[in-house]
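Observations on chain architecture
One letter stands for each residue in the lines below.
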Amino acid sequence: MRIGIVGGPNSGKTTIFNALTRSATAATAYSSGQLEVHTAVVDVPDARLEFLAQMFAPRKAVFAQVTYNDIAGLTGDKGRAGQIGGPLLNAIAANDALLLVGRAFDDPNVPHPNDRIDPGADLEAMEADFLLNDMVTIDGRLERIAAQRSRGPVEERQRLAHEEALLSRLYPYLEEGTPLRDATLSPEEMKLLGGFGFLSLKPVLRVVNAGDDDEDDSYSHLLDDMTFFLRGRLEAEIAQMAPEEAGEFLVEFGIAEQGLNRAIRRCYRLLGLISFFTIGDNEVRAWAVSAGSNAPEAAGVVHTDMQKGFIRAETVHFDSLKDAGSMAAARNQGLLRLEGKEYLVQDGDILNIRFNV
Ligand SMILES: Nc1nc2c(ncn2[C@@H]2O[C@H](COP(=O)(O)OP(=O)(O)OP(=O)(O)O)[C@@H](O)[C@H]2O)c(=O)[nH]1
Ligand SMILES: [Mg+2]
């Protein structure tokens, strides 16, 4: 899973990137205005996997992973809205979800491009840019289709007509300020739209980047399921600390859960992901799969051959195994189930996949 961190200049993107990835990338108070992308891969924290590693003592425990991309270069300049150009557009579009940063911290040493602290407006302006940008993309595509429509073989003309109808249906959403992710789209339509890099189609999380000591009430109206406070600079410092020391700081500053964990948990919810586990002699491993996936689809996350040759999955839920105390005990208690192709994988399932090669 790739998550792109996007925000205006000096909103604290790099600081938050550091907080979420334990990196130590230099945060700077003056933007170069250039496209600059920092990338880091982090393990998805998972106490259940740690438990399984204890229980089975494999050579290694492999966590699911998330890639964060810190993408600088959005100008936040109203005058140029809708003009998110080539490389920047590509850098943003290459992510599965976006984490938008609105700036709530006030610091005279850190200039704000619009000379005002208003994280709600920052977040709205970005979404508005995304909508405008998508409108420009659709306009351009419709023009090109109009030019090609009457040429070429019949199938090609039908394909273009189909595409034109879809894009024309979506355009009014954008005009009304509705992101494309809120439109009802069939899997086939989603696939057709995939190549365009529509920004408003991306699922978004929003971060209100607060100063060190303000869990400021004046912004609490912005918070919802997918919008959360993060004291970026403080959390970036905590992310560099040894676990015990970090624990003390979290308590001292009244942070119930480290931002690093909160962000990933929300991403899983946003993208509708659940975790399942595999256990081998070499490794115990956590995998992410879309909720509602059947057993062969989950097998396909591990290896495409396992999906193709899927026979069945010997399945036990993590909680059952934990209660039983060992795999042998779980087996004796009849907690292991043989599940077939129709089985919908549940969060926390441990799967032993049988397949033909
Ligand atoms: N006081 C305070 N300063 C912060 C906070 N978060 C970030 N900063 C400072 O703001 C400045 C900009 O932070 P960055 O993380 O570099 O911001 P950015 O969005 O990556 O900036 P560009 O990539 O240049 O657009 C740095 O000097 C940070 O130390 C915060 O929560 N409080
Ligand atoms: Mg930066």
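Note: the structure precedes this text.
Throughout what follows, the structure given in this document is the object of discussion. All residue numbers here refer to positions counted from 1 along the written sequence of the relevant chain. Chain letters and ligand numbers both follow the written order, the letters beginning at A and the numbers at 1. Residue-level local features of this predicted model are given only where pLDDT is at least 70; pairs of side-chain atoms are given and counted only at 80 or more, and the full residue set underlies all totals for whole chains, interfaces and linings. As a rule here, side-chain values cover all heavy atoms of the structure and leave hydrogens and water aside.

1. Focus on the pairing of strand 12 (residues 349-355)
At least two bridges found by DSSP between two strands are what make those strands a pair. Only DSSP runs of H or I with at least four residues qualify as helices, and only runs of E with at least two residues qualify as strands; both kinds are numbered from the N terminus onward. By the bridge criterion, two bridges tie strand 8 (residues 273-279) to strand 12 in an arrangement that is parallel. Within strand 12, the residue paired with Phe276 across the bridge is Asp349. Bridge count between strand 10 (residues 310-317) and strand 12: seven bridges; the pairing is antiparallel. Bridge pairing in strand 12 places Arg312 opposite Arg354.

2. Side note on the packing of aromatic side chains
The geometry of an aromatic ring pair is captured by the separation of the ring centres together with the interplanar angle, meaning the angle of the planes. Centres within 6.5 Å make a pair out of two Phe, Tyr or Trp rings, where for Trp the six-membered ring is used; the pair is then stacked when the planes are under 30 degrees apart, edge-to-face when over 60, and tilted otherwise. Going through the model one piece at a time under the given rule, you end up with five aromatic pairs. Ring geometry for Phe51 and Phe318: centres 5.5 Å apart, planes at 80 degrees, overall edge-to-face. Here the residue Phe51 occupies a position in helix 2 (residues 47-56), and Phe318 occupies one in helix 12 (residues 318-324), the gap between them amounting to 267 residues. Taking the centre distance of 5.2 Å and the plane angle of 25 degrees together, the rings of Phe196 and Phe198 count as stacked. An identical accessibility class is assigned to Phe196 and Phe198; each is buried. Relative accessible area decides the class of each residue, using a 1.4 Å probe on protein chains only: under 20% of the type maximum gives buried, over 50% gives exposed, and in between gives partly exposed.

3. A few points about the sheet that holds strand 2 (residues 36-43)
Spatially, the six strands line up as an open sheet ordered 2-4-1-5-6-7, and their pairing is mixed. One side of each edge strand has no neighbouring strand; the edge strands of this open sheet are strand 2 and strand 7 (227-230). Here the average twist between neighbouring strands, direction ignored, is 25 degrees. With five bridges connecting them, strand 1 (residues 2-7) and strand 5 (residues 97-103) associate as parallel partners. Note that in strand 5 the partner of Ile3 across the bridge is Ala97. Most of the contacts of helix 4 (residues 119-148) go to strand 5, to which it runs at about 140 degrees, and overall it touches strand 1, strand 5 and strand 6 (204-209). To obtain an axis, a line is fitted to C-alpha atoms, over the contacting stretch when the element is a helix, and the angle between two such axes runs from 0 to 180 degrees between their N-to-C directions. In this analysis, two residues are considered to be in contact whenever any of their non-hydrogen atoms come within 4.5 Å of each other.

4. Quick look at the site of ligand 1
To be near a molecule or strand, a residue needs just one of its heavy atoms within 4 Å of it. Every one of the 20 residues lining ligand 1 counts as a neighbour, but Gly12, Lys13, Thr14, Thr15 and Ala210 are closest to it. Whenever a nitrogen or oxygen atom comes within 3.5 Å of another N or O atom, the pair is scored as a polar contact, on the condition that within protein one atom can donate a hydrogen and the other can accept it, and that pairs from neighbouring residues in sequence are kept only if both atoms are in side chains. The contact in question runs from an oxygen atom of ligand 1 to an N or O atom on the side chain of Lys13, over 2.7 Å. A distance of 3.3 Å separates a nitrogen atom of ligand 1 from a polar side-chain atom of Arg233. Accessibility throughout is a Shrake-Rupley quantity obtained with a 1.4 Å probe, and a residue counts as covered only by protein chains that appear here. Protein coverage of the free-state accessible area of ligand 1, which is 650 Å², stands at 91%. Considering every element that reaches the shell around ligand 1, the biggest residue donor is helix 1 (residues 13-21), with three residues. In this classification, Asp, Glu, Lys and Arg are treated as charged, Ala, Val, Leu, Ile, Met, Phe, Trp, Tyr, Cys and Pro as nonpolar, and every other residue, Gly included, as polar. The residue inventory of the shell around ligand 1, partitioned by class, reads seven nonpolar, ten polar and three charged.

The values are spatial; any link to function lies outside them.
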